[in-house]
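Breakdown of the fold
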Amino acid sequence: METLRDRATTMKDCLARSQIITDSMTSILGSFDLRLSALETAMRPTQIKTHSMRKAHENIDKTLKFADAVLVQFDLVKQAEAEILRGPHEDLESYLQAVNQLKRIVRFFSTNKNLKSSIGVITHSTTLLQKASLMLEEEFRQLLTSCSKPVEPDQLLGCLPASLRPSTAHGEGGKKNPADHNKSSENVVYRPPNLVSPKFIPLLHDLAQQMLQTGQQQQVFIIYREARSACMENSLKKLGVEKLGKDDVQKMQWEVLEAKIGNWIHFMRIAVKLLFAAERKVSDQVFEGMESFMDQCFAEATASSVSLLLSFGDAIAKSKRSPEKLFVLLDMYEIMKEVQPEFNMLYASISAAELRESVSVLTKRLAETAQETFVDFEEAVDKDATKTAVLDGTVHPLTSYVVNYVKFLFDYQLTLKQLFLEFEDIDPDAQLAKITTRIMQALQNNLDGKSKHYKDQALTQLFMMNNIHYIVRSVRRSDAKDMLGDDWVQIHRRVVQQHANQYKRISWSKILQCLTVQVAGGDGISTAGVSRATVKEKFKTFNTQFEELHQRQSQWTVPDSELRESLRLAVAEVLLPAYRSFRKRFGPLIEGGKNPSKYIRFQPEDLERMLAEFFEGKTLNEQKRLV
């Protein structure tokens, strides 16, 4: 316990001494705080001067750097000026870089107008930029003009599919065969040519872009339109396109006009699918990134060429209608329908709306004119009053003309059906059948009128038989059969037979009466009660009438060999049995008298041989009067 008591006392003394030391240290530290505060107060002026000096140095550094930047700008102005004064022709890329450098310099000094030199540099740079703009404009014009040479016809024709290339260099032979109509052209590939060398496209693009950035939109537009428009027009003229109006068309001979229409169809295909498509590519590349401007430039560059092509089509559509023009009108309508989708795609922009409308208007006008020509043709057939005399009763030229016309119509049947739908929503097959039926009926009405001019009623029937048979046979061998139907064919075949029967009745009933003798109270077999004089007169009349028929009807013509043989056979089947029977019954009365050959002049074999000479038209050129 004593030990513990001693240790406790020792620890108490130690704690007491520690407290004294702590108090002393606190007192010392308090005095330091006072001294530091006094020192800080004494140092503040020095700190302020040091901060001011640091700020001054920073401002000096900034000023020096800005001065260096200004000096650099002056150097760049001199460099850009030298490049611009050399012009863009030698090194266009460096020239454009110099122009852009000047623009940056103007922006630099425009944001630092407090500099004394700003106004002078801005004025000088702006003057240089104006000079550069004029030089860029001239360079754009010269470069574009040099790249805008007319395309040679051979180059364009070489881009056509082989099946559509003409036989001669300038489009002759471009007219299509009617049999080629309505064939699919989906697999036909067109390869538009490069109108501008690819190496010049980037330069033209950069020039155009630079000019647009400097506010020279109008100059770019005018230069591009003039250069490319002239290129398009001259390319078409070299190809053979002519500016022809309605009056020019009216004065032309049909053969000349027909050839020009065939060429126009060829030119229209080349223009849209090759020339305009290639020009669209040029404008797209030159004005890439400038879409709104690109569409307007393309439309204006080709507008005069489009107008040149459409003016001829419009002149044809407005010219005097005639039946022979129907097929070329259909050809023209067909090519317009063929190129219209591609044309609308090339000219899809708002700025080209007028051009799209002009193509649509011409297509409609051609359709209207073609449809009106249909009506004209039907009326012309019905009222045809040609004085051409068919003396031998053969097929009339009008018949062959109309039938061939209708056959050609069916080569265009897909185009016709499309045409019908231009105006109203109807069944195009029914409409085509209706028109064809009306034309055929008009032809029959006209033929019936022409047949009345024959003095010999037998020839009237032969004429009608020949013509209706020709119509039926032609329809059966063409696509018109499916449209008119089997009933129409069967009805008109019966009409042919009716005319053949009428011919036999009129021609042969009278002569057959010579081979009959009425015997009072006879049994029809015995010759009792029949005088020799009566029999002689019968034979004599028969001979005379048969010779007259042979002389006359051997000059008549049945051009179809099958029909001709059928008609001869029908006559022979009636005449020869009657003659054999009459000769067998009454011949002995004559043969026993004097000069029997004077009355019995023909053997049945002679009649058969002479019947084989009927309807051959042997002396048609010698006949001088209408039978």
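As recorded by an unreviewed UniProt entry, the protein chain carries the name Exocyst subunit Exo70 family protein and is attributed to Mikania micrantha. One UniProt comment on the protein chain, placed under Function (unreviewed entry), says "Component of the exocyst complex." Annotation of the protein chain in UniProt includes, under Sequence similarities (unreviewed entry), the sentence "Belongs to the EXO70 family."

Okay, unusual backbone geometry next. Phi at Phe615 takes a positive value of approximately 65°, unusual for a residue other than glycine. On the secondary structure map, Phe615 appears in the segment after helix 20 (604–611).

Right, let's get into the confidence of the model for the protein chain. Chain-level pLDDT for the protein chain is 83 on average; 79% of the residues reach the 70-or-more range. When the elements of the protein chain are averaged for pLDDT, helix 2 (residues 92–110) gives the smallest value, 65, and helix 15 (residues 457–476) the largest, 95. Between residues 620–627, whose pLDDT stays under 50, and residues either more than four places distant or in other chains, the model counts 15 contacts.

A separate point is the packing of aromatic side chains. A ring pair, where both rings are aromatic, is described by two values, the distance of the centres and the angle of the planes. For the structure on display, the rule yields 24 aromatic pairs. Each ring, one from Phe542 and one from Phe546, has its centre 6.0 Å from the other, and the planes form 10°; the classification is stacked. With Phe542 and Phe546 both in helix 18 (residues 532–553) and four residues apart, the pair spans about one turn of that helix. One aromatic cluster in this structure is built from Tyr503, Trp508, Phe542, Phe546, Tyr579, Phe602, Phe614 and Phe615.

Counting 158 residues, the largest nonpolar core has Trp264, Phe276, Phe287, Tyr503, Trp508, Phe542 and Phe546 as its most contacted members. Ranked by the residues each element gives to this core, the list is headed by helix 8 (residues 254–286), at 16 residues. Residues within four places of Phe276 in sequence aside, it is in contact with Met232, Ala271, Phe298, Thr302, Ser305, Val306, Leu309, Leu346 and Tyr347.

Burial analysis of helix 13 (residues 413–420) places six of its eight residues in the buried class, which makes it a mostly covered element. By the burial criterion, the buried members of helix 13 are Gln413, Thr415, Leu416, Lys417, Leu419 and Phe420. Against the buried residues of helix 13 lie helix 10 (325–346), helix 11 (353–383), helix 12 (397–411), helix 14 (428–451) and helix 16 (480–484).

Okay, the packing of helix 12 against helix 14 next. For the pair helix 12 and helix 14, the least separation of the axes is 11 Å and the interaxial angle reads 175°. Taken as axis vectors, helix 12 and helix 14 run roughly antiparallel relative to one another. Here Leu398, Thr399, Val402, Val403, Val406, Leu409 and Phe410 of helix 12 lie close against helix 14, whose contacting residues are Leu432, Thr436, Ile439, Met440, Leu443, Asn446, Leu447 and Lys450. Counted by class, the contact of helix 12 with helix 14 contains eleven nonpolar, three polar and one charged residues.

Further remarks concern the packing of helix 11 against helix 12. Where helix 11 contacts helix 12, the axes come no closer than 12 Å and their chain directions differ by 160°. The angle between the axes of helix 11 and helix 12 places the two elements in the roughly antiparallel class. Helix-helix and strand crossings are classified by hand; for helix 11 and helix 12 the assignment is left-handed. Across the interface between the two elements, Thr373, Phe374, Phe377 and Val381 of helix 11 pack against Leu398, Tyr401, Val402, Tyr405 and Leu409 of helix 12.

We now examine helix 14. Compared with an ideal rise of 1.5 Å per residue, which puts 24 residues at 34 Å, helix 14 spans 35 Å between its outermost C-alpha atoms and is within 8% of the ideal. With a side-chain oxygen positioned 3.1 Å from the backbone nitrogen of Asp429, the residue opening helix 14 is Asp427.

This next bit is on the pattern of salt bridges. Inspection of every chain in the model, using the stated rule, returns 26 salt bridges. Across the salt bridge formed by Lys238 and Glu152, the nearest N and O atoms sit 2.5 Å from each other. Linking Lys238 in helix 6 (residues 217–239) with Glu152 in the loop between helix 3 (118–146) and helix 4 (153–158), this pair joins segments that are 86 residues apart in sequence. Owing to a relative accessible area of 35%, Lys238 belongs among the partly exposed residues under this scheme. Close ionic contact of Lys450 with Asp384 constitutes a salt bridge, the shortest N to O distance being 2.9 Å. You can see Lys450 sitting in helix 14 and its partner Asp384 sitting in the loop between helix 11 and helix 12, a full 66 residues away along the chain. Note on accessibility: Lys450 and Asp384 belong to one class, buried. One salt-bridge network, in which partners are shared between bridges, spans Arg564, Glu565, Arg568 and Glu616.

How each quantity is defined
Residues numbered from 1 in each chain as written. Predicted model: local features only at pLDDT ≥ 70, side-chain atom pairs only at ≥ 80, totals over all residues. Heavy atoms only, no water. UniProt positions renumbered as here; feature names shortened; annotations may be inferred. Helix = DSSP H or I, 4+ residues; strand = E, 2+ residues; numbered from the N terminus. pLDDT = per-residue confidence, 0-100. Contact = heavy atoms within 4.5 Å. Phe/Tyr/Trp six-rings, centres within 6.5 Å; stacked < 30°, edge-to-face > 60°. Core = buried A, V, L, I, M, F, W, Y, C linked by side-chain atoms within 4.5 Å. Buried < 20%, exposed > 50% of the residue type's maximum accessible area, 1.4 Å probe, protein only. Axes fitted to C-alpha atoms, helices over the stretch in contact; angles between N-to-C directions. Parallel < 35°, antiparallel > 145°, perpendicular 65-115°, else oblique. Nonpolar A, V, L, I, M, F, W, Y, C, P; charged D, E, K, R; others polar. Left-handed = near helix turned anticlockwise from the far one by under 90°. Expected span 1.5 Å × (residues − 1). Polar contact = N/O pair within 3.5 Å; in protein donor to acceptor, adjacent residues only side chain to side chain. Salt bridge = Lys/Arg side-chain N within 4 Å of Asp/Glu carboxyl O.

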